[in-house]
Amino acid sequence: MLFCNTQDLQTVLNILYILNELLTVGGGRRVGVFVSKGGTGILLQLVLSGSKESPPSEELMLQLHSLLAKVGPKDRKFGVKARLNGALNVTVNLLKQNLQNHKLLLPCLQVLRCVLPSLPPLLACSLFPSLHPSLPLSITLPIPLSPSSHPSLTLHPSIQPSLPPSETNARRAVDRAHVPVLLYIYQDWHRNDTRHRHMLIRKGVLGCLKNITNIKLGRKAFIDADGMRILYNTSTECLPVRTLDPLINTSSLIMRKCFPKNRLPLPTIKSVFHHQLPHVPAGGPVAQLYNQPLGVDDVVDESDDNDDVETENDTENEEEDKDHHARNDDIETDINKLRPKETHSRPFEELKIYERFFLELSEDFQVMQDTLLSAPKSQRPIIVPTAQALPPKYPTATPLQEECQLAKGEQPHPEASPLAPAPTLAPVHTLDTINIIKDQDGCCDHSQIRPQPGLEHNRQPPLLAGGVAARQGGGAEETLAEEWAEEEGGEGAVLEVPDTALLLPLHDPDLYVEMVKSTRSVPQYSEVAYPDYFGHVAPTFREHILERVYGVQRTKIFQDIERLIHPNDILDKVVYDLDIQSCPVIDDGESLKFNSQFESGNLRKAIQVRKFEYDLVLNSDINSNHYHQWFYFEVSGMRVGAPYRFNIINCEKSNSQFNYGMQVLMYSVQEAISGRPRWVRTGTDICYYKNHFSRSSIAAGGQKGKSYYTMTFSMTFNHKDDVCYFAYHYPYTYSTLKMHLQKLEALRTPQIYMRQDVLCETLGGNSCPLLTITAMPESTSNDQICQFRNRPLVFLSARVHPGETNASWVMKGTLEFLMGSSPLAHSLREAYIFKIVPMLNPDGVVNGNHRCSLSGEDLNRQWQSPSPELHPTIYHTKSLLQYLAAIQRAPLVFCDYHGHSRKKNVFMYGCSLKETVWQTNISAASCELHEDLGYRTLPKILSQTAPAFSMASCSFVVERSKEATARVVVWREIGVQRSYTMESTLCGCDQGKYKGLQIGTRELEEMGAQFCVALLRLKRLTSPLELRNHAHLLDVESDLIETRCKVTRSDTCTHQEIIDRLNRNTYTHWLAVN
């Protein structure tokens, strides 16, 4: 009351002094009582009345704002009261008029800190256009800086995040030349704050720079003010002090944002290879690609992109959360699209031609026929290897051979190489390759052997190149090998190809070369990579997920920034370039040699940046200008012990498992010759981050993210004159598949029904195989034939995305299990008829694509309306399923094998009407959502039997973006309730038996086998009565992995009692599973 009644200034000041003391000593409780008694309104009224004096009392305003700064945090309506009362405008004007009065400035800033969070952003911008980011710049700062003489600066970092960043404010700061001043302030605080007690002030200055550089003018002003050098130097000096990491991270973010955007060092980002399509749809991606104007690849950085680059603190869980939110926005909300289609889209007469792929449904087994089709032979030559040959280390049996011999009780003994007539070693010679080219008459043209410069006097005959050519070819090739041996005075070349027959029963180097001859590629590859020729034996040791070293990403980024600050240190020398078709390898003897001209290879360009650092550019998918992820290339000419760094600079995904412990794959030929032919996880200092390379929004197809990402890793080589291969994941070529299928055919016994058909021919002229596997009927009786024909079908497919090679390894495990001789395999064949398309995209696999086929499209987005000309494998695979639906034999299970690049473990995506609706706001009656829960059975079984499988990672929600995928189309159009995509990690597992380990081919093949075991259990759960014809399953029940349902058998029970008990147990287990 005294406040309201007195007009005496001194009295008011005395009361304010007392209140200030009371509230300071009393703490939060007294402040709360003061607010509840209406004290906030009285203080605001005094501010308004005091401002009408001319001039206002400085002491009065100081005391009032000091009290308001204490009261504001305890009053939830403080901002509203200040705005409605009019006191807010008084505080803002007072602040503007007293920018040099640090005594009054501090309480005013404290009041604003309380007010701003409660104001709408637009209102805040209109009220405080000059406060952000120019507020600290208007304060004259004496040197040296001292926080005691400038207390307002200590506050600024705490209110700065609340002040509204806007383009207008940033432009004003640039126009007033505040960027150089900010850099000067930051540099001066860095020099004088030697004990790092005022890091918040420095962080606040960096926050202003960060907001200013959100616009193009701000970035230009930052570069012109030498901001890159200033922040780089100050940051490197802060690196030893861990507590200064926030400053380093913010500085790194600003520098990366301001690093001038460059286009990739390519003439065009379109693929270096082109395949002419039978027709180009007007609205398709290929038409858009080739209708783009010239120069569209050039970067046009005219946008004020405010997207901050990621920081070192990004976590895998945060990435999964982002994916989860994206999925929520993508969930299908149209319930009509979630219901199965009632009618078939194609007439049966049109589908009847596919009857020939289902001979087993009408087979009477009176006359058995061999339906295997022989593959056409290619007239192109095949060259093995692809780079300099290696001297053998062990002219006797390899360690793997000895291990196998000793296991069988045999004594190891020297063996002559099968690739040469004599085991005598010749002098060392290093060569690039031997070209064996057939002329028009089919005769061999002896091409020149190209030894490396300077090594003419220290040579040996070709080991793998000449040997394999002579071994595979006829007279002319043998003559060539003999002429070479005579020229060198030797008796022939020797190569110890590791004998892995016992460990790799499905691998045969000679057969692989034969398969390569019939494989057609757009670049017309005529070379074979060592790993594909030698084969891969999974290592017996564990490969743990790599623990990331703290700060490694920041270190790599700073090394990239050094390129701009110290340009004279950069070599910028091209050493490999596929755009130069005549001579892609540029060899001067001082650099590494690269090669990717073999099946599934992908590396477009290699640039030597520093002595031991190389930038690598991947090729786009053919008839596309993006999808850069898969790589597979060869490196030679390395120095032992040198710390090499490789940067793949045109990755596109915003994050990768390379940030969370995944390593690249390496295959050493020296190791293979020494008896260890295997891919191993390798590389250190691995990280994945946004770089300064970019593409225009037109070239990006209107995509928001226009920047590329770098995947970098460091490597030290252990062998001299080695040839090493690097790959994104374990390679599995189309020729490997053909070799495996032929070897599997040789495993067929009279009890196995296996048929291999050619489903169709691809755009590139390769055959798409279709397999049928089941058990032969026990006899030709009507009952046995009827049981054979009426077995439920399981339809499997894989490798629609070429870069997901793990899908092929899982499929290999499935095929080997199905063709196996175990009781479980026999039971599974008796339970189902398997229709398998093991590789849906042979062309993409052959040509080193990551995502697309030769049509330039993702085939797994074409299932709704596939074109027979552009998407033949999808069109005909879908037609097979449509035919089965038309004859009422839709598969019990459909599963498409895939690989996942951003998640761990193995898991499934399925389709559920209920679970999709539950994730949305759709209001639907329960009767409309009637659905059998059987779709969860198979994933649940897998979670109990397969150690790499994670039920928690599974999802059964249908998303809009996935409506044209195989899983959703087969569920909706074919009516297959158990329609799945099975995703296998490219990295490793974070749960179960393999927790903390990177996944390998052994685990992937095991997953394929476990899938088969799960199908057998599914059969028992879904059709228990059929077990009357499978009584032996009761004997093999103990072999099922981690089974929870035990069927007891008593010799005293009758046959009917056994069946009844089995039915009860099966039903109980079904309830537990679901």
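- As annotated in an unreviewed UniProt entry, the protein is tubulin-glutamate carboxypeptidase from Hucho hucho.

## Describing the sheet that holds strand β3 (residues 573-577)
Across a sheet, strands are paired by hydrogen bonds formed along the backbone, either parallel or antiparallel in direction.
Piece 1. The strand order across the open sheet formed by six strands is β3-β5-β6-β8-β12-β11, and the pairing between neighbours is mixed. Two strands close off the open sheet at either side, each with one partner strand: β3 and β11 (684-694). Within this sheet the neighbouring strands show an average axis-to-axis angle of 25°, counted without direction.
Piece 2. Direction of pairing for strand β8 (residues 643-651) relative to strand β12 (residues 707-716): antiparallel, over a ladder of seven bridges. Paired with Tyr644 across the bridge in β12 is Met715.
Piece 3. In the packing of helix α25 (residues 552-565) onto the sheet, the strands contacted are β5 (605-610), β6 (613-617), β8, β11 and β12, and the crossing angle to β11 comes to about 45°.

## Notes on unusual backbone geometry
Piece 1. The linkage connecting Ser54 with the following residue, Pro55, adopts the cis geometry, with an omega of -5°.
Piece 2. By the element assignment, Pro55 lies in the loop between α4 (39-50) and α5 (58-71).
Piece 3. With a phi angle near 55°, Asp572 is a residue other than glycine that sits in the positive phi range.
Piece 4. Mapped onto the elements, Asp572 comes out in the loop between α25 and β3.
Piece 5. At Asp721, a residue that is not glycine, the phi angle is positive and equals roughly 55°.
Piece 6. Structurally, Asp721 can be placed in the loop between β12 and β13 (723-727).

## Focus on the pattern of salt bridges
Piece 1. The final tally for this structure, using the stated rule, is 32 salt bridges.
Piece 2. Ionic pairing is found between Arg645 and Glu613, a salt bridge with its closest N-O pair at 3.4 Å. Taken together, the positions of Arg645 in strand β8 and Glu613 in strand β6 put the pair 32 residues apart, joining distant regions of the chain. By the burial criterion, Arg645 is buried, and Glu613 matches it.
Piece 3. The closest approach of N and O atoms between Glu1005 and Lys812, which form a salt bridge, is 3.1 Å. With a gap of 193 residues between them, Glu1005 in helix α36 (residues 1001-1022) and Lys812 in helix α29 (residues 806-818) connect regions that are remote in the sequence.

Parameters at a glance
- Residues numbered from 1 in each chain as written.
- Predicted model: local features only at pLDDT ≥ 70, side-chain atom pairs only at ≥ 80, totals over all residues.
- Heavy atoms only, no water.
- Pairing = 2+ DSSP bridges.
- Helix = DSSP H or I, 4+ residues; strand = E, 2+ residues; numbered from the N terminus.
- Axes fitted to C-alpha atoms, helices over the stretch in contact; angles between N-to-C directions.
- Contact = heavy atoms within 4.5 Å.
- Salt bridge = Lys/Arg side-chain N within 4 Å of Asp/Glu carboxyl O.
- Buried < 20%, exposed > 50% of the residue type's maximum accessible area, 1.4 Å probe, protein only.

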